[in-house]
Amino acid sequence: YVGHMKEHLQQRQILVIAPVPIGNSNTPDPLYRNYFSESRKMNDAFRSIALKEGVLFADAAEWDISLAYDQVHFSVEGHRQFAERIISLLRSL
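Remember, predicted model here, so these are calculated numbers, not experimental data. (Residues numbered from 1 in each chain as written. Predicted model: local features only at pLDDT ≥ 70, side-chain atom pairs only at ≥ 80, totals over all residues. Heavy atoms only, no water.)

### Some words on the packing of aromatic side chains
Centre distance and the angle of the planes are the two values used to describe a pair of aromatic rings. Here is the rule we go by: Pairing of aromatic rings covers Phe, Tyr and the six-membered ring of Trp, with a centre-to-centre limit of 6.5 Å; geometry is then stacked below 30 degrees between planes, edge-to-face above 60, and tilted otherwise. A helix here means a DSSP run of H or I that spans at least four residues, while a strand means a run of E at least two residues long, and both kinds are numbered starting from the N terminus. Throughout, exposure labels follow a simple rule: accessible area from a 1.4 Å probe, protein chains only, divided by the maximum for the residue type, with under 20% read as buried, over 50% as exposed, and the rest as partly exposed.
Taken as a whole and assessed by the stated rule, the structure comprises three aromatic pairs. Judged by centre distance (5.6 Å) and plane angle (50°), the ring pair of Trp63 and Phe82 falls under tilted. One end of the pair, Trp63, is in the loop between β2 (56–59) and α3 (76–92); the other, Phe82, is in helix α3, and 19 residues separate them in sequence. Looking at Trp63, the relative accessible area reads 9%, which means it is buried. Aromatic ring contacts, followed pair by pair, group Trp63, Phe74 and Phe82 into a single cluster.

Here it is in structure tokens:
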């Protein structure tokens, strides 16, 4: 997909943003620990693809985004945190 976008966007920059992981490594629920582990693997793959394709990359897992009770969606605060990080990132480009 990134290769296709590079071909059709020509001179535009592409930014791949790996998502915030589902769950966390400290949760007592083994299902959410597994989700967290698999999310990290997926983000590592996104990083590798971005590097291979020569596009910009950001890993939202490194942004300490607050999640809601379900450990999947952003909390209200998490949405604010994510927006602030995106704004800061885009300004730095």
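Read on, since the account is not over.
### Points about the confidence of the model for the chain
Rules: pLDDT expresses, on a scale from 0 to 100, how confident the predictor is about each individual residue.
Averaged over all residues, the pLDDT of the chain equals 90, while 99% of them reach at least 70. Helix α1 (residues 2–9) is the least confidently modelled element of the chain, averaging 82 in pLDDT, while α3 averages 96, the highest of any element.

### Concerning the pairing of strand β1 (residues 15–18)
Note the threshold: For two strands to be treated as a pair, DSSP must find at least two bridges joining them.
Burial along β1 is one-sided: Val16 and Ala18 are buried, while Leu15 and Ile17, pointing the other way, are not. Sheet analysis places β1 next to β2, joined by four bridges and oriented parallel. By the bridge assignment for β2, Ala18 is matched with Asp59.

### Remarks on helix α2 (residues 30–53)
Each α-helix winds once per 3.6 residues, and so residues spaced three or four apart point in a common direction. In plain terms, the rule: Helix span, expected: 1.5 Å multiplied by one less than the number of residues in the helix. It only takes one pair of heavy atoms within 4.5 Å for two residues to be counted as in contact. Any N or O atom pair separated by 3.5 Å or less is treated as a polar contact, with the protein-specific requirement of one donor-capable and one acceptor-capable atom, and with residues adjacent in sequence counted only for side-chain atom pairs.
Here α2 spans 35 Å end to end across 24 residues, near enough to the 34 Å set by a 1.5 Å rise per residue. Buried within α2 we find Tyr32, Ser39, Asn43, Ala50 and Glu53. In this fold, the buried residues of α2 make contact with α1, β1 and β2. At the N-terminal end of α2, a side-chain oxygen is found 2.8 Å from the backbone nitrogen of Leu31, two or three residues along, and the residue is Asp29. After α2 finishes, the residue Gly54 shows a positive phi value of roughly 70°.

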